[in-house]
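Given next are the chains, with one letter for each unit.
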Amino acid sequence: MSYQIDMEDNTEPEPVLLSKHAKNLLRFLNMLPARMASHDNTRSTIVFFAVCGLDVLNSLNLVPPQMRQDIIDWIYGGLVVPRDDEKRCGGFMGCRAMVPLTEDVEILECMRKYQWGHLAMTYTSIAVLVTLGDDLSRLDRKSIVDGVAAVQRPEGSFSACIDGSEDDMRFVYCAATICHMLDYWGDVDKEAMFIFIEKSLRYDYGFSQELEGEAHGGTTFCALAALQLVGQLHRLDAATVERIKRWLIFRQMDGFQGRPNKPVDTCYSFWIGASLCILDGFELTDFSKNREYILSTQDTLVGGFAKWPQATPDPFHTYLGLCGLAFTGEPGLSAVMASLNISMAAYVHLQHIHEMWRSKCDEGKKDNDLTISSAVQNKLKLAKDGEVITSTTATTSTSPLISAQ
């Protein structure tokens, strides 16, 4: 008996249902299903996955202009700007539960005690504003970065908010994204941040969430992306980078897993894939196997991607699954800026905002220099005329913008 093996696989690859995924994400901008009620206090992250997902799908046109403006205004509604006598807690809240619709001064003053920025909500809120084309002109950059610096721990990590929370690599990443997007680092201790990240590198060359923890795909991304955003990735020597790449590449089964001996999961197509993109090593992975696994979690009825096959899709895995496909060059998807986790189109817009800030700051400095120069010339004239100069007046820039660090 003989067997004939067909070496050619003529089956058509399963398509990515782009329009269904777009409609799925659009629904989450209108309502949340009952099963997601517990996520209400982190609603800005849901908005992030939906808006940025539509952007990667090149489908932001599905969001009408008025709805786009409503989302922008809603995001700004969660901005906390502390007064001079209050804690440095600037940033964005995740929901509006602490912003009561009342004009009662006593109630409003009481609620201020419970209003503070949260690093993850601040990162996702700014990312949404950038993705929707806002110019960030309503932000007080110094207030927000002061809030970031206020939650940095002595060992270099960050807490999520001023009133205490866990502090680990996730919030190191959020701190780096916030400062990078605002083009201002203020009192944030970059060196302490680097030392914390360096100490979190484990024996197997993945990064842990906290010191002495287990290496993990998600926190390895957070560590590498933070190093890139803070401009310190070059401080990892070549041998270490190659070993980190090896640890990351070994996370691929068909899709990617987050840790050794764990099941694969759609979201790690981003966490591991983006980490390898940062290290210029993504081409070492098996694109077709990765795509095959992601599409095995695709809901062909209502759209969206899930954690595992036959599981319920959600905005988190839908967005990260799309990003994972974008890294492979999937047709119809926009390129993704790995370390900030936004589309390249949104990143280009952010760069334009940075150029505008720096240009205005430079103009302010020039005006200040001219004012100082005029004052000096006036003093010289008075001195030549024999008059005594009894006082000096310090002139500072009137620009409300913060000098880029």
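Residues numbered from 1 in each chain as written. Predicted model: local features only at pLDDT ≥ 70, side-chain atom pairs only at ≥ 80, totals over all residues. Heavy atoms only, no water.

Asker: Mind showing me how you'd approach the overall build of the protein here?
Answerer: Across its full length, the protein carries 14 helices and 6 strands. Entry remark: accessible area of the protein is about 20,300 Å², with carbon and sulfur atoms responsible for 53%. (Helix = DSSP H or I, 4+ residues; strand = E, 2+ residues; numbered from the N terminus. Areas by Shrake-Rupley, 256 points an atom, 1.4 Å probe, with all protein chains shown as cover.)

Asker: Looking at this structure, how should I read empty space enclosed by the protein?
Answerer: Space left empty within the atom packing is revealed by a probe, the size of a water molecule, rolled over the atoms. Tallying each qualifying case throughout the model produces 1 cavity of 30 Å³ or more. Of the voids in this model, the largest cavity is the one considered here, and its volume is about 40 Å³. Surrounding the largest cavity, R88, C89, G90, G117, L119, G147, V151, A160, C161 and I162 form its lining. Tallied by class, the residues present in the lining of the largest cavity amount to 6 nonpolar, 3 polar and 1 charged. (1 Å grid on protein atoms, 1.4 Å probe; cavity = no way out; pocket = protein on both sides within 12 Å on 5 of 7 lines; lining within 4 Å. Points joined across faces, edges and corners; volume = space filled by probe spheres on them. Nonpolar A, V, L, I, M, F, W, Y, C, P; charged D, E, K, R; others polar.)

Asker: What should I look at first to understand the packing of helix α2 (residues 43–56) against helix α13 (residues 315–327) in this one?
Answerer: Where α2 contacts α13, the two axes come as close as 9 Å, and the packing angle between them is 30°. In terms of orientation, α2 lies roughly parallel with respect to α13. The interaxial crossing formed by α2 with α13 has left-handed handedness. The residues of α13 that touch α2, namely those facing I46, F48, F49, C52, G53 and V56, are P315, F316, Y319, L322, C323 and A326. Residue composition of the contact of α2 with α13, by class: 11 nonpolar, 1 polar and no charged. (Axes fitted to C-alpha atoms, helices over the stretch in contact; angles between N-to-C directions. Parallel < 35°, antiparallel > 145°, perpendicular 65-115°, else oblique. Left-handed = near helix turned anticlockwise from the far one by under 90°. Contact = heavy atoms within 4.5 Å.)

Asker: For this particular structure, what's the right way to read the nonpolar core?
Answerer: In globular proteins that are soluble, nonpolar side chains generally tend to be buried together. Counting 108 residues, the largest nonpolar core has L29, I71, L136 and F158 as its most contacted members. In terms of residue count, helix α7 (residues 169–182) provides more of this core than any other element does, 11 residues in total. With residues near it in sequence (within four places) discarded, L136 still touches Y76, I126, L129, V130, L350, I353 and W357. (Core = buried A, V, L, I, M, F, W, Y, C linked by side-chain atoms within 4.5 Å. Buried < 20%, exposed > 50% of the residue type's maximum accessible area, 1.4 Å probe, protein only.)

Asker: Is there a simple way to explain the packing of aromatic side chains in this structure?
Answerer: The geometry of two aromatic rings is summed up by the distance between their centres and the angle between their planes. Counted by the stated rule, this structure contains 14 aromatic pairs. Aromatic side chains F49 and F316 sit 5.4 Å apart centroid to centroid with 80° between the ring planes, which places their arrangement in the edge-to-face category. Pair noted here: F49 is in helix α2 and F316 is in helix α13, with a separation of 267 residues, a long-range link. Overall, the relative accessible area of 29% leaves F316 in the partly exposed class. A centroid spacing of 6.4 Å and a plane angle of 40° characterise the contact between W271 and F316, whose relative ring orientation is tilted. Linking W271 in helix α11 (residues 268–278) with F316 in helix α13, this pair joins segments that are 45 residues apart in sequence. On the accessibility criterion, W271 (17% relative accessible area) is buried. Three or more aromatic residues joined by ring pairs make a cluster, and in this case those are F48, F49, Y123, Y173, F221, F270, W271, F282, F287, F316, Y319 and F327. Its guanidinium or amino end placed over the ring of F250, R246 lies 4.6 Å from that ring's centre, counting from NZ or CZ. Taking the ring centre of W247 as reference, the NZ or CZ of R251 above it sits at 4.9 Å. (Phe/Tyr/Trp six-rings, centres within 6.5 Å; stacked < 30°, edge-to-face > 60°. Lys NZ or Arg CZ within 6 Å of the ring centre and 35° of its normal.)

Asker: Just to check I follow, could you spell out the layout of surface pockets for this structure?
Answerer: If you add up the space inside the largest pocket, you get close to 830 Å³. Lining of the largest pocket is provided by 30 residues; of these, F49, A120, R170, W271 and F316 occupy positions nearest its centre. Of the residues assigned to the lining of the largest pocket, the class counts are 17 nonpolar, 11 polar and 2 charged.

Asker: Which parts of the structure should I look at to understand unusual backbone geometry?
Answerer: With the exception of glycine, most residues fall at negative phi, and the peptide bonds are largely trans. At N58, a residue that is not glycine, the phi angle is positive and equals roughly 55°. Unusually for a residue other than glycine, N261 sits at a positive phi of about 65°. Secondary-structure assignment places N261 in the loop between α10 (238–249) and α11.

Asker: Would you explain the state of the cysteines in this entry?
Answerer: Simply put, disulfide is the name for a covalent bond between the sulfur atoms of two cysteines. A full pass over the atoms with the stated rule returns 0 disulfides. Of the cysteine sulfurs around C174, a residue in no disulfide, the closest is that of C222, at 7.0 Å. Exposure remark for C174: the relative accessible area of 7% places this residue in the buried category. (Disulfide = S-S within 2.5 Å.)

Asker: I tried to follow the confidence of the model for the protein on my own but got confused; where do I start?
Answerer: In low-pLDDT regions, the fine details of the predicted coordinates are not to be read closely. Across the protein, pLDDT averages 89, with 87% of residues at or above 70. Confidence drops under pLDDT 50 across residues 1–7; counting only partners more than four residues distant or on other chains, this segment forms 0 contacts. Per-residue pLDDT stays below 50 along residues 386–405; that stretch engages in 25 contacts with residues further than four places along the chain or on separate chains. (pLDDT = per-residue confidence, 0-100.)

Asker: Teacher, can you tell me more about the pattern of salt bridges here?
Answerer: Pairs can form between side chains of opposite charge whenever their charged atoms are close. Tallied over the full model, the rule gives 18 salt bridges. Residue R291 pairs with E330 through a salt bridge whose shortest N-O separation is 2.8 Å. Residue R291 is located in helix α12 (residues 287–296), and its partner E330 is located in the loop between α13 and β5 (336–337); the two are separated by 39 residues in the primary sequence. Given a relative accessible area of 10%, E330 falls into the buried group. Sharing partners across several salt bridges, the network here consists of R83, E86, E109 and R112. (Salt bridge = Lys/Arg side-chain N within 4 Å of Asp/Glu carboxyl O.)

Asker: Where do I start with a nonpolar patch on the surface in this structure?
Answerer: A surface patch of nonpolar side chains, about 240 Å² in accessible area, is lined by M98, V99 and Y114. With respect to the element layout, M98 can be found in the loop between β2 (91–92) and α4 (105–112). (Patch = residues over 30% accessible without salt bridge, like charges linked within 9 Å, V, L, I, M, F, W, Y side chains within 5 Å.)

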